[in-house]
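As a plain string of letters, each chain reads:
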Amino acid sequence: MLSITPSHIIEYLFCPRFTYFEYVLRIPQYEEKYFKVTQGRELHEKKARENMAYLRKRIGATSKQGNQYLTNDLLRGEVDEILTLSDGSMAPLDFKFAKFNDKIYDTYKTQIYCYAWLIESNYHLPVKKGYLVYTRSKNKLVEIKIEETHISRIEKAAFSIRDIITQNKYPKATKYKKRCLSCTYRNICIQ
Ligand code: SF4
């Protein structure tokens, strides 16, 4: 059975045709991995994780589960922490081995929305927010609001990816032409 990861979703949302080149034609990305979802994790990040109790308290978490590998009918992913909050909802928390520079990358948000979908499908509890912890900015905690529309966009993308891969569908190019300038497939793609 096809199992989609948050990286597939990120690539599809960048451009559906990217999915076709990589997973139907199986043309490898020749550059260094184009979408960096996870960064190298080093010892001092491990240390940062050990000092998280005060952050969880600030969030209002009543319990946490670390390194949870979750799947549903289409998606799979490993969530750094799943928090149960005092209002009965749940929230994913993801560590970033990165500095916070006043901007939350769309790729980070997409990952959090993927985890929210996985948590909802497995625990059947609402997920209304997620958290990022930037370990290279003194564990800066950033909250991301999650609405149903965010999760349904991920679901829709996952179904489209499945159709592209299982039915060899050639998808439309992104409408954002600027993306082609930096795309790893720009030399073989007729836009
Ligand atoms: S070159 Fe443009 S249209 Fe083609 S895969 Fe890349 S982003 Fe998509």
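Definitions and cut-offs
- Residues numbered from 1 in each chain as written.
- Predicted model: local features only at pLDDT ≥ 70, side-chain atom pairs only at ≥ 80, totals over all residues.
- Buried ≥ 20, exposed ≤ 12 C-beta atoms within 10 Å, placed from the backbone.
- Helix = DSSP H or I, 4+ residues; strand = E, 2+ residues; numbered from the N terminus.
- Pairing = 2+ DSSP bridges.
- Right-handed = clockwise from strand over helix to strand, strands pointing away.
- Near = placed C-beta within 6 Å.
- Nonpolar A, V, L, I, M, F, W, Y, C, P; charged D, E, K, R; others polar.

Time to look at the pairing of strand 4 (residues 129–134). For strand 4, the tally of buried residues reaches five of six residues, placing the bulk of the element in the interior. For strand 3 (residues 90–96) and strand 4, the ladder comprises four bridges, and the chain directions are parallel. Across the sheet, lysine 96 pairs through a bridge with tyrosine 134, a residue of strand 4. Handedness of the crossover is the feature at issue here: the chain leaves strand 3, passes through helix 5 (residues 106–123), returns alongside strand 4, and the resulting connection is right-handed. Pairing analysis gives six bridges linking strand 4 to strand 5 (residues 140–145), with the strands arranged antiparallel. Directly across from lysine 129, in strand 5, lies its bridge partner lysine 145. Connecting strand 4 to the antiparallel partner strand 5 that follows it, the hairpin turn spans five residues, and lysine 138 within it adopts a positive phi of roughly 55°.

This next bit is on the site of the ligand. Taken together, 13 residues sit near the ligand, with Cys15, Ala173, Cys180, Cys183 and Cys189 positioned nearest. Broken down by secondary-structure element, the contributors of at least two residues to the shell around the ligand are helix 2 (16–24) and helix 7 (178–181). No other element matches helix 2, which puts three residues into the shell around the ligand. A per-class count over the shell around the ligand returns eight nonpolar, two polar and three charged.

Moving on: unusual backbone geometry. Here the phi dihedral of asparagine 67 falls at roughly 45°; this positive angle occurs in a residue that is not glycine. Examined against the element boundaries, asparagine 67 turns out to sit in strand 1 (residues 61–71). Judged by local crowding, asparagine 67 falls into the exposed class, with 9 C-beta atoms found within 10 Å. Of note in the backbone geometry, histidine 124 takes a positive phi value of approximately 55° without being a glycine. Assignment of secondary structure puts histidine 124 in the loop between helix 5 and strand 4. Take histidine 124: there are 8 C-beta atoms within 10 Å of it, and that puts it in the exposed class.

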